[in-house]
Amino acid sequence: YGPFGLGNDPARDNFSVRDLSLPDGVSAERFGRRRRMLDLVDHHFRSLEQTDVLSAMDSFYERAYALISSAEAREAFDIHQEPAELRDAYGRNEPGQRMLLARRLVERGVRFVSLTSGGWDHHTDIRGGFSGNVPPLDKAYAQLILDLEQRGLLESTLVVWMGEFGRTPRVNSRTGRDHYPRVFSAAVAGGGVKGGQVIGGSSANGTAVADHPVSVPDLFCSICHSLQVDPRKEHLSPLGRPMKVVDGGKVVQGLFA
């Protein structure tokens with residue numbers, strides 16, 4: 001279940017995706033010889049033992065070969081096809097070009113895209129950290145929502161912007177803020193979400209939830225609701241332990257139109 005990683009920053013002028021082209025010094029002919037050698041080895045082991053593990057590995061190899069040889073995949077990642085004006089609107093920086101690339105992938109049927117932007121572990125100098133991180137991310141996120149809406153993709157695409165916890169209400173001695181799981185926020189858009197509203201609120205000093213609390217399981221149940229996934233569905237772990245998609249929680253009904 002590991003993601004396919006770009007291995008590069010789409011904001012760079014020489015951006016290319018690491019695994020969509022052959023390594024330096026490996027021609028198509030040489031790559032073909034390597035694949036035929038692998039087929040011989042696989043055939044030998046299949047003759048010794050037939051297992052689901054070997055079959056699964058075969059399917060992974062086939063999918064990898066299909067990706068490397070796919071003109072459609074290379075085209076999807078070719079951010080240079082986008083108009084200069086639109087790239088500028090997203091921002092010629094890490095969050096801007098990553099969100100633009102995310103839109104290109106969603107437009108071509110990729111069902112799950114995740115991206116990160118910057119470092120947010122502001123135990124020191126939180127003011128300086130925010131002044132560098134927030135403006136480009138804010139601009140890129142707003143342009144992503146607008147772009148998806150203009151292309152008719154927003155209603156079928158859930159966009160979630162969040163971290164894993166909040167920060168302490170008080171600034172520490174290093175002019176930073178530390179980990180604080182009791183109060184934090186998430187922004188969601190698209191996917192049937194009713195926009196232009198805030199659900200829940202904190203106390204005046206930000207130390208506790210004051211009204212309409214939304215737990216982490218509540219948020220994940222709501223994400224499942226948007227994606228039409230049953231959060232109560234159980235899967236079995238390799239040891240046979242039943243595990244629900246979401247452990248507890250309920251859908252935040254006010255979140256949806």
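Just so we're clear, the structure is a prediction, and the values are computed from it rather than from any experiment.

Parameters and conventions
- Residues numbered from 1 in each chain as written.
- Predicted model: local features only at pLDDT ≥ 70, side-chain atom pairs only at ≥ 80, totals over all residues.
- Heavy atoms only, no water.
- Salt bridge = Lys/Arg side-chain N within 4 Å of Asp/Glu carboxyl O.
- Helix = DSSP H or I, 4+ residues; strand = E, 2+ residues; numbered from the N terminus.
- Buried < 20%, exposed > 50% of the residue type's maximum accessible area, 1.4 Å probe, protein only.
- Patch = residues over 30% accessible without salt bridge, like charges linked within 9 Å, V, L, I, M, F, W, Y side chains within 5 Å.
- Areas by Shrake-Rupley, 256 points an atom, 1.4 Å probe, with all protein chains shown as cover.
- Axes fitted to C-alpha atoms, helices over the stretch in contact; angles between N-to-C directions.
- Parallel < 35°, antiparallel > 145°, perpendicular 65-115°, else oblique.
- Left-handed = near helix turned anticlockwise from the far one by under 90°.
- Contact = heavy atoms within 4.5 Å.
- Expected span 1.5 Å × (residues − 1).
- Bend = angle between axes of the 7 residues up to and from the residue.
- Phe/Tyr/Trp six-rings, centres within 6.5 Å; stacked < 30°, edge-to-face > 60°.
- Disulfide = S-S within 2.5 Å.

Asks: Could you clarify how one ought to interpret the pattern of salt bridges in this entry?
Replies: Enumeration over the complete set of coordinates arrives at 16 salt bridges. Note that Glu 94 and Arg 98 form a salt bridge whose closest N and O atoms lie 3.7 Å from each other. Of this pair, Glu 94 and Arg 98 both sit in helix 5 (residues 94-107), 4 residues apart, which is roughly one turn of that helix. Note on Arg 98: relative accessible area 22%, which makes it partly exposed. Here Arg 103 ties to Glu 107 by a salt bridge, and the two come within 2.9 Å at their closest N and O atoms. Here Arg 103 and its partner Glu 107 are both found in helix 5, 4 residues apart, which amounts to about one turn of the helix. Looking at Arg 103, the relative accessible area reads 1%, which means it is buried. Given the relative accessible area of 33%, Glu 107 is considered partly exposed.

Asks: Can you walk me through a nonpolar patch on the surface in this structure?
Replies: Together, Val 160, Met 162, Phe 184, Val 216 and Phe 220 give the surface a local cluster of nonpolar side chains, amounting to about 370 Å² of exposed area. In this fold, Phe 220 is placed in helix 7 (residues 216-227).

Asks: How do you make sense of the packing of helix 5 against helix 6 (residues 126-150) when you look at a structure like this?
Replies: As a packed pair, helix 5 and helix 6 sit with axes 8 Å apart at the nearest point and diverge in direction by 20°. Taken together, helix 5 and helix 6 sit at an angle that is classed as roughly parallel. Crossing hand, helix 5 versus helix 6: right-handed. Across the interface between the two elements, Pro 95, Gly 96, Met 99, Leu 100 and Arg 103 from helix 5 touch Pro 136, Leu 137, Ala 140, Tyr 141, Leu 144, Asp 147 and Leu 148 from helix 6.

Asks: Quick question: what am I supposed to make of helix 6 here?
Replies: Owing to its 3.6 residues per turn, the α-helix brings residues three or four apart onto one side. Relative to the 36 Å expected for 25 residues at 1.5 Å per residue, helix 6 spans 35 Å between its end C-alpha atoms, a close match to the ideal helical length. Of all the bends in helix 6, the greatest, near 30°, is centred on Val 134, and the proline Pro 135 appears no more than four residues after it. Along its buried surface, helix 6 packs onto helix 4 (84-90), helix 5, strand 1 (158-161) and strand 4 (187-190).

Asks: What's the story with the packing of aromatic side chains in this structure? I'm lost.
Replies: To describe a pair of aromatic rings, one takes the distance between the centres and the angle between the planes. Taken as a whole, this structure holds 3 aromatic pairs when the rule is applied. Considering the side-chain rings of Phe 4 and Phe 77, the 5.8 Å spacing of their centres and the 45° angle between planes classify their relative orientation as tilted. Here Phe 4 is found in the segment before helix 1 (28-48), whereas its partner Phe 77 is found in the loop between helix 3 (71-76) and helix 4, with 73 residues between them in sequence. Ring centres of Trp 120 and Phe 130 lie 5.8 Å apart, and the angle between their planes is 85°; this geometry places the pair in the edge-to-face category. Of the two residues, Trp 120 sits in the loop between helix 5 and helix 6 while Phe 130 sits in helix 6, which places them 10 residues apart along the sequence. Judged by its relative accessible area of 31%, Trp 120 is partly exposed.

Asks: Can you help me understand the environment of Leu 219 in this one?
Replies: Relative to the elements of secondary structure, Leu 219 occurs in helix 7. Leu 219 sits 36 residues away from Leu 255 along the chain, and the two C-alpha atoms are 9.8 Å apart. With near-sequence residues (within four places) excluded, Leu 219 lies in contact with Met 162, Ala 186 and Val 214.

Asks: What is the right way to look at helix 5 in this model?
Replies: Over its 14 residues, helix 5 extends 20 Å from the first C-alpha to the last, a length consistent with the 20 Å expected when each residue adds 1.5 Å. Burial runs high along helix 5: 10 of the 14 residues are buried. Residues Pro 95, Gly 96, Gln 97, Met 99, Leu 100, Leu 101, Ala 102, Arg 103, Arg 104 and Leu 105 constitute the buried set of helix 5. Where the residues of helix 5 are buried, they touch helix 3, helix 4 and helix 6.

Asks: Got a minute to help me understand the state of the cysteines in this structure?
Replies: Simply put, the disulfide is a covalent bond whose two ends are the sulfur atoms of two cysteines. Enumeration over the complete set of coordinates arrives at 0 disulfides. Cysteine Cys 221 shares no disulfide, and the gap to the nearest cysteine sulfur, in Cys 224, comes to 6.4 Å. Note on Cys 221: relative accessible area 1%, which makes it buried. Owing to a relative accessible area of 9%, Cys 224 belongs among the buried residues under this scheme.

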